[in-house]
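# Descriptive structure summary
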Amino acid sequence: MRHLTILSKIENHMDRFTQAEKKIAIYIMEHAEMVPNLTTKDISNNTGSSEASVVRFCKTIGIGSFKAFKLALVRDLTVAEMNINDFSVMEKKDSPYDLFNKVTYVNKAAIETTVSTLDKRELEKASDVIVKAKKVLFYGVGGSAVSAMDGAYKFTKLGYFSVMNLDFHMMLSIVGHLEEGDVFIAISNSGQTKDVLELSRFAKKKGATILAITKLGKSPLFKEADIKLCTPDMEQANRIGSIASRTAQLNIIDSLYIISFNQIGNKVSSKLHESSEEANILRR
């Protein structure tokens, strides 16, 4: 295993650990790739220590919780072993199939880690406001624009007035018609994109609920939003393209779509069938 930031930290703290913490440290060092998918109970059972010892272990190395530890570990594993979205990808002579496997690993890690970054209560709040809304607007730029367009397409199928337009000024006009009870879904991995922030603030003035899909952290968008659905921070600022971040965003949007359909599907299923039948006719 290559030395990583978090694993090196564990090695450096070996002399400070209690016997129980040392067992946990050794287990994590030997099974680093598995740990992000485990719970404190899993670690406890696998090492013969208590769950409290797992939490104390995290605090000994300066991390406040096991959840935060897993996020730090996933980021280190992804950046060190499967770094594919910055310019260092040119330094390795990987085969096309090697790169395919790396992309698959990174996308899978992004989805699996979102289980830790996404707050269940925030997801329930998002579900409640979306089901009651008449308009659900999406907006993002760059790689996040792809996620926003997918969201608008899906929610249009459910009968919402749902729009995503790449033209900022067009979106200003559309946001101007939002009302209390409507939802504006702002998508930005960094949480600092100016256009996304400006539209979010305008939507809030109109009384809409601001739902942010952004990386975990105290970004401007995180602070502005009424509801935060957070993705893991797995990409560098100087990147060649959105990969893990976009995958995590799309996964959340798919989840919101299925959650909404689960609640209102009986009202729209006949219309979805009609649309599907018309599409089938066009394919003949």
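What comes next concerns the included structure. (Residues numbered from 1 in each chain as written. Predicted model: local features only at pLDDT ≥ 70, side-chain atom pairs only at ≥ 80, totals over all residues. Heavy atoms only, no water.)

## Regarding the overall build of the protein chain
Secondary structure assignment for the protein chain yields 12 helices and four strands. Per-residue burial over the protein chain gives 46% buried out of 284 residues. Of the contacts made within the protein chain by residues no fewer than 6 positions apart, 68% connect residues no fewer than 24 positions apart. When the accessible surface of the protein chain is summed, it comes to about 14800 Å², and 54% of that surface belongs to carbon and sulfur atoms. (Helix = DSSP H or I, 4+ residues; strand = E, 2+ residues; numbered from the N terminus. Buried < 20%, exposed > 50% of the residue type's maximum accessible area, 1.4 Å probe, protein only. Contact = heavy atoms within 4.5 Å. Areas by Shrake-Rupley, 256 points an atom, 1.4 Å probe, with all protein chains shown as cover.)

## Some thoughts on the pairing of strand 1 (residues 136–139)
Going residue by residue along strand 1, you find Val136 and Phe138 tucked away on one face and Leu137 and Tyr139 tucked away on the opposite face as well. With four bridges connecting them, strand 1 and strand 2 (residues 183–187) associate as parallel partners. Bridging from a neighbouring strand, leucine 137 pairs with phenylalanine 184 of strand 2. (Pairing = 2+ DSSP bridges.)

## Topic: the sheet that holds strand 4 (residues 227–231)
Pairing is parallel across the open sheet formed by four strands, whose spatial order is 1-2-3-4. Two strands close off the open sheet at either side, each with one partner strand: strand 1 and strand 4. In this sheet, adjacent strand axes meet at a mean angle of 15° when their direction is disregarded. In this fold helix 12 (residues 244–283) packs onto strand 2, strand 3 (209–215) and strand 4, with an angle of close to 135° to the strand it touches most, strand 4. (Axes fitted to C-alpha atoms, helices over the stretch in contact; angles between N-to-C directions.)

## A word on the packing of aromatic side chains
Throughout the structure, instances matching the rule amount to seven aromatic pairs. Judged by centre distance (6.1 Å) and plane angle (20°), the rings of phenylalanine 66 and phenylalanine 69 are stacked. Residue phenylalanine 66 and its partner phenylalanine 69 are both found in helix 5 (residues 66–81); the two are separated by three residues, about one turn of the helix. Across this residue pair, the class does not change: phenylalanine 66 and phenylalanine 69 are buried. On the basis of an interplanar angle of 75° and a centroid distance of 6.2 Å, the ring pair of phenylalanine 155 and tyrosine 257 is categorised as edge-to-face. With phenylalanine 155 in helix 8 (residues 143–157) and tyrosine 257 in helix 12, this pair connects stretches of sequence that are 102 residues apart. Classification of phenylalanine 155 as buried rests on a relative accessible area of 0%. Taking the relative accessible area as the measure of exposure, tyrosine 257 reaches 13% and is therefore buried. Through successive ring pairs, a cluster of aromatic residues spans Phe17, Phe57, Phe66 and Phe69. For the cation-ring pair, lysine 228 lies above phenylalanine 222, with the distance from its terminal atom to the ring centre recorded as 5.2 Å. (Phe/Tyr/Trp six-rings, centres within 6.5 Å; stacked < 30°, edge-to-face > 60°. Lys NZ or Arg CZ within 6 Å of the ring centre and 35° of its normal.)

## Quick word on the pattern of salt bridges
In this structure the tally under the stated criterion is eight salt bridges. As a salt-bridge pair, glutamate 122 and lysine 125 come within 2.9 Å of each other at their nearest N and O atoms. With a gap of three residues between them, glutamate 122 and lysine 125 both fall in helix 7 (residues 120–132), about one helical turn apart. A residue is classified by how much of its surface remains accessible, and glutamate 122, at 13% relative accessible area, is buried. For lysine 125, a relative accessible area of 38% gives the class partly exposed. Between glutamate 224 and arginine 201 there is a salt bridge whose closest N-O contact spans 2.9 Å. Of this pair, glutamate 224 sits in helix 11 (residues 220–224) while arginine 201 sits in helix 10 (residues 194–205), placing them 23 residues apart in sequence. Arginine 201 sits in the partly exposed class, given a relative accessible area of 33%. Three or more residues joined by partner-sharing salt bridges are found here, namely Asp150, Lys154 and Asp254. (Salt bridge = Lys/Arg side-chain N within 4 Å of Asp/Glu carboxyl O.)

## Some remarks on the side chain of threonine 114
Structurally, threonine 114 is set in helix 6 (residues 96–117). Given the relative accessible area of 4%, threonine 114 is considered buried. Only 2.6 Å separates the side chain of threonine 114 from the backbone oxygen of alanine 110, close enough to count as a polar contact. Setting aside residues no more than four positions away along its own chain, threonine 114 makes contact with Cys230, Pro232, Ala248 and Ile252. (Polar contact = N/O pair within 3.5 Å; in protein donor to acceptor, adjacent residues only side chain to side chain.)

## Overview of helix 3 (residues 40–47)
For helix 3, the complete set of buried residues consists of Thr40, Ile43, Ser44 and Thr47. Buried residues of helix 3, seen end-on, are gathered within an arc of 100° and therefore sit on one face of the element. With respect to the buried face of helix 3, the exposed residues turned more than 90 degrees away are Lys41 and Asn45. A positive backbone phi angle near 70° is found at glycine 48, which sits one or two residues after helix 3. (Arc of directions from axis to C-beta.)

## Some thoughts on the nonpolar core
In terms of nonpolar packing, the biggest core is built from 46 residues, with Ile130, Phe138, Phe184, Ile185, Leu211 and Leu229 touching the most fellow members. Contacts of phenylalanine 138, omitting those with residues within four sequence positions, involve Ala148, Gly151, Ala152, Phe155, Ser162, Val163, Met164, Met171, Ile185 and Ile187. (Core = buried A, V, L, I, M, F, W, Y, C linked by side-chain atoms within 4.5 Å.)

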